[in-house]
Amino acid sequence: MVTDRAPLEYVLHAAGPAASPTLRLAWALLALTIVVAIIVTGLLIGALVRRRSRVAHRQLAVDAGGMRWVWIGTGLSTIGLFGALIYMLMTLESVAMPASKPRLVVDVTAYDWWWKIDYPAPSGLAIATQPDKPDASQRPALPGATGTAPHTVTTANELHIPVGEPVQIILHSADVIHAFWVPQLAGKTQAIPGVTNEQWIQADHPGIYRGQCTQFCGEQHAHMAFEVIAQPRAAFDAWLHAQSMPAGASDRATNPAAASNPAPASADADGSSWQAGQKLFGERCAACHTIRGTDAAGVQGPDLTHLNSRETIAAGTLINNEANQLEWITHAQQIKPDALMPSIALDTDDAQALMAYLRRLR
Ligand code: HEC
Ligand SMILES: [Cu+2]
């Protein structure tokens, strides 16, 4: 389900402890400015309506006590602004740190124009992937994990979190400055090249919360959305476990050897073989896309290992279904002009074979 709620819903509802204090602050400041506007308007109208006495008209030098109002106004403004300052500092303090230390830490990297999301692999699982993948050495080994494989699970544009607990987000940028914002869950934080920023989010109720890049980063900035999917712990763990599997493992043995030694050629219902699609993928897509458990190890585009588990593609631009996938592959430059994926021309046979292969990426 793609979120179809009103885009400004965050003005009315906050869904977690990192967002509700700022929501209250926003309403308090709005109330304060409305009161100020009413007072000023009232005084202005009063001044317009009030008339000087006829005598006073010719005696401009007489002091009618007007200065008193300036002092009152300055005093009230100072009290109001000072109060607002204190409230703002208290709000900042209250959202600076979660109540408990986050158990889950997720790496989010902003790219022109999509989000890469890396989870630590569930412990006890060796992840089938290429040992020479660039981020292989960056993470400390988790207890129980074996081998030299990177201990991360990678996905794109879809951040799953367990409900009711704080989650730490470590923010990077691969190119220009972006900003990570899930209005209902927390304030925004910039993703800056060469800098690591942190924030935390927490959702108190299961649901889908829309996120969006909020720092202008180029032509497709508006098409750089993502979804935060908050689910109960057990469902989250099951999701993470499934994501940690190599491609197509759900219907085969879960060991990586089986994935790299596929069964003899088989044809789909429409007669096209997914093996031909896999070969085509190796030739035309693998330079940019990774499919864990296969030789495809490109890092310029989203990890496609579990492509069909996602709700949307191209950073919230299209609903994820087969028709849209093919449309995207063949017309990426029309759908998202300047996106860093070319439109790829495919004849009917190639398209069928490729789709037969992509269908397996559950
Ligand atoms: C030059 C690098 C490059 C090549 C080649 C390439 N892609 Fe992409 N692909 C990308 C980038 C970058 C994105 C993200 C674009 C965006 O959302 O702005 C992407 C996005 C996608 C997505 C959407 C994924 C998601 O979750 O949002 C799919 C599906 C996809 N590519 C499939 C393919 C297939 C199939 C091929 C080969 C026929 C291919 N790509 C070739 C770079 C590439
Ligand atoms: Cu942006």
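Scroll up for the structure.
Residues numbered from 1 in each chain as written. Chains lettered and ligands numbered in written order. Predicted model: local features only at pLDDT ≥ 70, side-chain atom pairs only at ≥ 80, totals over all residues. Heavy atoms only, no water.

### Description of the overall build of the protein
Right, on to step 1. Helix and strand counts for the protein stand at 8 helices and 12 strands.
Right, on to step 2. At a minimum sequence separation of 6, the contacts of the protein that also span at least 24 residues come to 63%.
Right, on to step 3. Carbon and sulfur atoms form 63% of the exposed surface of the protein, whose accessible area is close to 19,400 Å². (Helix = DSSP H or I, 4+ residues; strand = E, 2+ residues; numbered from the N terminus. Contact = heavy atoms within 4.5 Å. Areas by Shrake-Rupley, 256 points an atom, 1.4 Å probe, with all protein chains shown as cover.)

### Observations concerning the coordination of the copper ion (ligand 2)
Right, on to step 1. Taken together, the protein donors to the copper ion (ligand 2) comprise Cys 213 (SG), Gln 215 (O), Cys 217 (SG) and His 221 (ND1), at separations of 2.0 to 2.6 Å.
Right, on to step 2. Around the copper ion (ligand 2) sit 4 donor atoms, and with donor-metal-donor angles ranging over 90 to 127 degrees the site reads as tetrahedral.
Right, on to step 3. Residue classification places Cys 213 among the buried positions, given a relative accessible area of 1%. (Donors = N, O, S within 2.8 Å, 3.2 Å for Na, K, Ca; no water. Tetrahedral: all angles 85-135°; square planar, octahedral: opposite > 155°, others 65-115°. Buried < 20%, exposed > 50% of the residue type's maximum accessible area, 1.4 Å probe, protein only.)

### Here's the deal with the coordination of the iron atom of ligand 1
Right, on to step 1. Within the protein, the atoms that donate to the iron atom of ligand 1 are His 289 (NE2) and Met 341 (SD), at distances of 2.0 to 2.1 Å.
Right, on to step 2. The site at the iron atom of ligand 1 holds 6 donor atoms, and with the angles between them running 87 to 179 degrees, its shape is octahedral. Taken together, the residues span a long stretch of sequence, with His 289 in the loop between α6 (274-284) and β11 (312-313) and Met 341 in the loop between α7 (322-335) and α8 (348-358) at a distance of 52 residues.
Right, on to step 3. A relative accessible area of 16% places Met 341 in the buried class.

### Details of helix α4 (residues 233-243)
Right, on to step 1. Burial in α4 covers these residues: Phe 236, Trp 239, Leu 240 and Gln 243. Buried positions in α4, seen along its axis, are confined to an arc of 95 degrees and lie on one side of it.
Right, on to step 2. Tucked into the core, α4 has its buried residues touching β1 (104-111), β2 (114-120), β3 (152-156), β4 (158-162) and β10 (225-231). (Arc of directions from axis to C-beta.)

### A look at α6
Right, on to step 1. Taken together, the buried positions of α6 are Trp 274, Gln 275, Gly 277, Leu 280 and Phe 281.
Right, on to step 2. Of the surrounding elements, those touching the buried residues of α6 are α8.

### Points about the site of ligand 1
Right, on to step 1. As a matter of local geometry, ligand 1 sits amid 24 residues, with Cys 285, Cys 288, His 289, Ala 314 and Met 341 nearest to it.
Right, on to step 2. At a separation of 2.9 Å, an oxygen atom of ligand 1 approaches a polar side-chain atom of Arg 310.
Right, on to step 3. One of the side-chain nitrogen or oxygen atoms of Lys 336 is found 2.8 Å away from an oxygen atom of ligand 1.
Right, on to step 4. Those elements that place two or more of their residues in the shell around ligand 1 are α6 and α7.
Right, on to step 5. Here the shell around ligand 1 is built from residues that sort into 17 nonpolar, 4 polar and 3 charged.
Right, on to step 6. For the shell around ligand 1, the domains that each give at least three residues are domain 2 (104-243) and domain 3 (249-358). (Near = heavy atom within 4 Å. Polar contact = N/O pair within 3.5 Å; in protein donor to acceptor, adjacent residues only side chain to side chain. Nonpolar A, V, L, I, M, F, W, Y, C, P; charged D, E, K, R; others polar. Domains from an automatic or database assignment.)

### Here's the deal with the nonpolar core
Right, on to step 1. Counting 35 residues, the largest nonpolar core has Tyr 119, Leu 159, Ile 161, Phe 180, Leu 185, Ile 201 and Val 228 as the members making the most contacts within it.
Right, on to step 2. Within the residue set of this core, elements represented by two or more residues are β1, β2, β4, β5 (167-173), β8 (197-201), β9 (207-213), β10 and α4.
Right, on to step 3. Examining the composition of this core, we find that 4 residues originate from one element, β1, more than from any other.
Right, on to step 4. Dropping the residues within four chain positions of it, Leu 185 is found in contact with Ala 15, Ala 18, Ala 19, Ile 161, Ile 201, Gln 202, Ala 203, Tyr 209 and Val 228. (Core = buried A, V, L, I, M, F, W, Y, C linked by side-chain atoms within 4.5 Å.)

### A few points about unusual backbone geometry
Right, on to step 1. Here the bond from Asp 112 into Trp 113 is cis, since omega is -5 degrees, no more than 30 degrees from zero.
Right, on to step 2. Relative to the helices and strands, Trp 113 resides in the loop between β1 and β2.
Right, on to step 3. Look at Asn 157: it is not a glycine, yet its phi comes out positive at around 60 degrees.
Right, on to step 4. Tracing the backbone shows Asn 157 in the loop between β3 and β4.
Right, on to step 5. The residue Ala 315 is not glycine, and still its phi comes out positive at about 60 degrees.
Right, on to step 6. By the element assignment, Ala 315 lies in the loop between β11 and β12 (318-319).

### Some thoughts on the packing of α6 against α8
Right, on to step 1. Running from amino to carboxyl end, α6 crosses α8 at an angle of 95 degrees, the nearest separation of the two axes being 7 Å. Taken as axis vectors, α6 and α8 run roughly perpendicular relative to one another. Here Trp 274, Ala 276, Gly 277, Gln 278, Leu 280 and Phe 281 of α6 lie close against α8, whose contacting residues are Asp 350, Ala 353, Leu 354, Ala 356, Tyr 357 and Leu 358.
Right, on to step 2. For the contact of α6 with α8, the residue count by class is 9 nonpolar, 2 polar and 1 charged. (Axes fitted to C-alpha atoms, helices over the stretch in contact; angles between N-to-C directions. Parallel < 35°, antiparallel > 145°, perpendicular 65-115°, else oblique.)

### So, the packing of aromatic side chains
Right, on to step 1. For the structure on display, the rule yields 9 aromatic pairs.
Right, on to step 2. Here the aromatic rings of Phe 281 and Tyr 357 are separated by 5.9 Å at their centres, their planes lie at 65 degrees, and the arrangement is edge-to-face. Linking Phe 281 in helix α6 with Tyr 357 in helix α8, this pair joins segments that are 76 residues apart in sequence.
Right, on to step 3. Owing to a relative accessible area of 3%, Phe 281 belongs among the buried residues under this scheme.
Right, on to step 4. Residue classification places Tyr 357 among the buried positions, given a relative accessible area of 4%.
Right, on to step 5. Clustering of aromatic rings is evident, with ring pairs tying together Trp 115, Phe 180 and Phe 226.
Right, on to step 6. The ring of Trp 181 is capped by Lys 188, whose NZ or CZ atom sits 4.7 Å from the centre of that ring.
Right, on to step 7. The lysine or arginine in question, Arg 360, covers the ring of Trp 274, its NZ or CZ lying 3.9 Å from the ring centre. (Phe/Tyr/Trp six-rings, centres within 6.5 Å; stacked < 30°, edge-to-face > 60°. Lys NZ or Arg CZ within 6 Å of the ring centre and 35° of its normal.)

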